[in-house]
Amino acid sequence: MEDITNTEMQTENVNFESRINLTPLLDSITTIKKELGTVIVGQEKMIDQLLVAILSNGHVLLEGVPGVAKTITAKLLAKTMQIGFSRIQFTPDLMPSDILGTSVFDLKKSEFEFKKGPIFSNLILIDEINRAPAKTQAALFEVMEERQITIDGNAFILDTPFLVIATQNPIEQEGTYRLPEAQLDRFLFKIAIDYPKLEEEIVIIQREHLLQNHGKLENIKTVLTASDIKNYQSLVKQIVVEHDLVEYIAKIAVNTRENAFLYLGASPRASIAILNASKGFAAIRGRDFVTPEDIKDAAIPVLQHRVIVTPEREMEGITSIEIIKQIVETVEIPR
C-alpha cells in the first residue's frame, strides 16, 4: 500500500514539472524589455504584444496618432535582434516593383536578372501603410501570408524569420487609402497606441533633454539572433492547449459571426491566430500551457481589425473592441 502511495506521489510531481524549458526564452524577453525600456516609457502592454507576435510568427499593425513612438519602437525592436531589417516608406506613388523588386536586362549576359526589393529581409517596417494605393497593397498579400513572392512565374522563398510591422495614422484621411479586409486579415495583431500619461510624458521630456547629441538607438544591445527566434517560435508551438480551451476559442469566433452588431465576423484564420497568440502570451508568462486569461488577452488585438460593426451600431458610437469584450465575457469559460 505504501509503494502505491509513493508511486502516485511521484506521478503527481512529474505532472507538475514544466514540460518545456522556457528559461532561455524568458531571460531573452526580460533583456529585450530592459533594452526597450531605456527609450520607450510605459507602453508595457504594447511591448508584450509585439514580443508575442514575434514568438507567434505573426505580423503587427501599429495604429496611433503621429508622435507616439510607433516607428521608433519598431526600429528599437529590430536593433535588439541580429537579423536583416528594411524600412519602406509607403507613398501614393509607390509601385509594387518598389517593394518586391524588378527584372532588369543585363547587357553583358543578354538576359533578364531579378533585382530583389526591400521586402527581401527579416523584419520589415512599413511606415504609413495606408498611404499606398490598392495595387501596391495587393503586392503584400502573398508575401505576408505565404512568406514567398511570385514574379515572372518564378517563386522566391523568403528567409526566416519574416515579420512585418506596419504603422498607420487613424486620424488623417487626406492622401490615404483604406486597407482592404484581405490585408487586414493577414495581420496577427492590431495594436492601438494611446497618448502617455502625465508622469510618463515628464519622463519622456527629461530623457530627451539628457540625450543631448546622443542618438536613441546608440546603446541598444543585440539580444536575439535569427536562430534564437526560430528556436523560440518552434518552442512556443509546443505549448499545451487543452481541448476545452480549443472549444472556447471556436465559440468566441462563431459568436462574432452570429452577433447582430457585427456585419462581418471572424474567419477560421482568426481562430488560429487566437490559438497561436495565446501560446505566445503563455510563454512570456513562463507557462507551458494556455489558460483562459491568455485567450482573453489575445482576443481583442487579434479580432478588432477582422470584424466589421454594422453601420447602425457604428453611428451609435459602438466600437468593435466593445463588442468583442462583450462576446468574450458572454462565452462560458472552461473550468
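Residues numbered from 1 in each chain as written. Predicted model: local features only at pLDDT ≥ 70, side-chain atom pairs only at ≥ 80, totals over all residues. Heavy atoms only, no water.

1. Description of the environment of P133
Just so we agree on the cut-off: What counts as a helix is a DSSP run of H or I of at least four residues, what counts as a strand is a run of E of at least two, and both are numbered from the N terminus. Throughout, exposure labels follow a simple rule: accessible area from a 1.4 Å probe, protein chains only, divided by the maximum for the residue type, with under 20% read as buried, over 50% as exposed, and the rest as partly exposed. For this analysis, residues touch if any pair of their heavy atoms sits within 4.5 Å.
Within the fold, P133 resides in the loop between β6 (123–127) and α6 (134–146). Overall, P133 belongs to the buried group, its relative accessible area being 14%. The sequence separation of P133 and T176 amounts to 43 residues, and the corresponding C-alpha distance is 8.0 Å. With residues up to four places along the chain from it excluded, the contact list for P133 reads T91, P92, L94 and Y177.

2. Observations concerning the environment of I124
Within the secondary structure layout, I124 lies in strand β6. Judged by relative accessible area, I124 falls into the buried class, the value being 0%. It is 9.7 Å that separates the C-alpha atoms of I124 and K75, two residues lying 49 residues apart in sequence. When near neighbours in sequence (up to four residues on either side) are disregarded, I124 contacts S86, I88, P118, I119, F162, L163, V164 and I165.

3. Let's talk about the sheet that holds strand β1 (residues 59–63)
For clarity, the cut-off: What makes two strands pair is DSSP finding at least two bridges between them. Convention adopted: a line fitted to C-alpha atoms gives each axis, helices being fitted over their contacting stretch, and angles between N-to-C directions are expressed from 0 to 180 degrees.
Taken in spatial order, the five strands of this open sheet run β3-β6-β9-β1-β10, and their pairing is parallel. On the outer flanks of this sheet lie β3 (85–89) and β10 (187–192), each paired with one strand and no other. Taking the axes of each pair of neighbouring strands and ignoring which way they run, one obtains an average angle of 15° across the sheet. Pairing between β1 and strand β9 (residues 163–168): four bridges, direction parallel. In the strand pairing of β9, V60 is matched with I165.

4. Topic: the packing of aromatic side chains
Inclusion rule: Aromatic contacts are taken between Phe, Tyr and Trp rings whose centres are within 6.5 Å, Trp giving its six-membered ring; a plane angle under 30 degrees counts as stacked, one over 60 as edge-to-face, and the others as tilted.
Inspection of every chain in the model, using the stated rule, returns four aromatic pairs. Ring geometry for F114 versus F120: centroids 6.0 Å apart, planes at 65°, classification edge-to-face. For F114, a relative accessible area of 19% corresponds to the buried category. Relative to F281, the ring of F189 has its centre 6.3 Å away and its plane inclined at 35°; by these criteria the two rings are tilted. Residue F189 is found in strand β10, and its partner F281 is found in helix α11 (residues 268–284); the two are separated by 92 residues along the sequence.

5. Digging into the pattern of salt bridges
The following threshold applies: Any carboxyl oxygen of Asp or Glu that lies within 4 Å of a side-chain nitrogen of Lys or Arg is treated as forming a salt bridge with it.
This structure, assessed with the given rule, holds 15 salt bridges. Taking the shortest distance from any N to any O, the salt bridge between D48 and K33 comes out at 2.7 Å. Here D48 is found in helix α3 (residues 44–55), whereas its partner K33 is found in helix α2 (residues 23–37), with 15 residues between them in sequence. Classification of K33 as partly exposed rests on a relative accessible area of 33%. Between R313 and E316 there is a salt bridge, and its shortest N-O distance comes to 3.0 Å. Here the salt bridges share partners, and the residues they tie into one network are E145, D185, R269 and R306.

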